[in-house]
Structure formats: structure tokens, C-alpha cells
Amino acid sequence: NNFGIPAFRWYDKQQRDIIVSSSVRDVGQLEAQISDGRGLLSGGGAARASVFSGDAERVLMTASVAYQASSNDPMAYYAFYLNPFISLRGVPVMRYQGEEIAQAEVELRWQFWKRFSLVGFAGGGGAWNDFEKLDNAQGVVSGGGGFRYELARKFGLHAGVDIAHSSGTTGVYFQVGNAWFRP
């Protein structure tokens, strides 16, 4: 329900104050005023990285409840930040998380003319919570290509651009050096 939220910034005549949707103080007070405790996420829902909680019991990085001293989900921060995640070009960071992960990526480079080269790469990974059951297993495949210019032959230093893709997303990466260790 967004009744009573006319814009990003507005003047509230009753409070005689400017209300701003990017202010943690303002959105906390606003949610307290308009919430009836039966929001869209009440009854077992979770709010993640949002402005309003929707009356969810489990919240993480939610502006309207940022000043609350405790959370009903104390392990949420651990789960979000400390669990391993798949780290491949073309895959958004922390999108695929679990208690355990596996990933692999290969890259081929062809130096076609003087200091210029082309690269192609592909990879895949999986994240899961229980190795025995593999419940909640998530998998992703990514790939892409790019070009490199050799900045310093003596050191084997290359710089360039990669374009990578995985299901639902594409990323552009500016590289200096190598994605792989090279003695």
C-alpha cells in the first residue's frame, strides 16, 4: 500500500516538515504511521535491501527499520556477507551463494598482431547449502570475450576490455594485468 506516499520528496502539512524517501529517519517514521502490521510481507516474508519492510519479520538492509536495535533474523548478516559466492566474469557478485561452492573458468588468448590480442573465456559454478543433500543448489554458466593491448612486453602487462554474459545479465570489465596468475 503506497497510499500517503505522494512522491520522493514532499511537504507534510501536519508535521510541517519536508519528507524525503532517502532519509532513514523519514521512512522509518512514515512506515510507523501507515503500517497496520498486515503488510504484503507479513506472515513469514523477508525484506532485503529495500526502503520499506512491508511488515516482514526478517529484514536485512531495509531503510525503514535501520534504527531498530534488534532483528528477528540475527544470522541474516552472516548469511549474506560471509557465505562463499560464485565469482565469475559475467555473474553478479553474491548472486549465487551457499555454504559451499565450486567454480571453474578457462580463458584462451590469441595474440593476432604485434601487441594486440583477443581473448575468449567460459566458466561455470554451483552453490549449495548441504553437500550430502545438495538442497537449494544453484548453478550458473558464463562466457564472453574481449581484447587486450600489451602495455609492457618486459613484464607481460596487458590491458583491455571484456564483455561477459550469464543468464539474465551482461557485464563489461576493464582489465589491467591478467585474470590468471602467470609466472
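Everything that follows concerns the structure shown earlier in this document.
Remember, it's a predicted structure, so these values are computed and weren't measured experimentally. (Residues numbered from 1 in each chain as written. Predicted model: local features only at pLDDT ≥ 70, side-chain atom pairs only at ≥ 80, totals over all residues. Heavy atoms only, no water.)

**Topic: the overall build of the chain**
Along its length, the chain carries two helices and nine strands. Of all intrachain contacts in the chain linking residues separated by at least 6 positions in sequence, the fraction that spans at least 24 positions is 35%. Counting only carbon and sulfur atoms, one obtains 58% of the accessible surface of the chain, whose full area is about 12,200 Å². (Helix = DSSP H or I, 4+ residues; strand = E, 2+ residues; numbered from the N terminus. Contact = heavy atoms within 4.5 Å. Areas by Shrake-Rupley, 256 points an atom, 1.4 Å probe, with all protein chains shown as cover.)

**Brief notes about unusual backbone geometry**
Its identity is not glycine, yet R16 carries a phi of approximately 55°, on the positive side. A positive phi angle, close to 65°, is found at D55, a residue other than glycine. With respect to the helices, strands and loops of the structure, D55 is situated in the loop between strand 3 (46-48) and strand 4 (58-60).

**Notes on the environment of R48**
With respect to the element layout, R48 can be found in strand 3. For R48, a relative accessible area of 35% gives the class partly exposed. For the pair R48 and L60, spaced twelve residues apart in sequence, the C-alpha to C-alpha distance is 4.9 Å. Side-chain polar atoms of R48 contact the backbone oxygen of R58, separated by 3.5 Å. (Buried < 20%, exposed > 50% of the residue type's maximum accessible area, 1.4 Å probe, protein only. Polar contact = N/O pair within 3.5 Å; in protein donor to acceptor, adjacent residues only side chain to side chain.)

**Some points on the side chain of S166**
Counting through the fold element by element, S166 comes out in strand 8 (residues 157-166). At a separation of 2.6 Å, a polar atom in the side chain of S166 contacts the main-chain carbonyl oxygen of G90. When sequence neighbours within four positions are dropped, the list of residues in contact with S166 reads G90, V91, P92, V140, V141 and S142.

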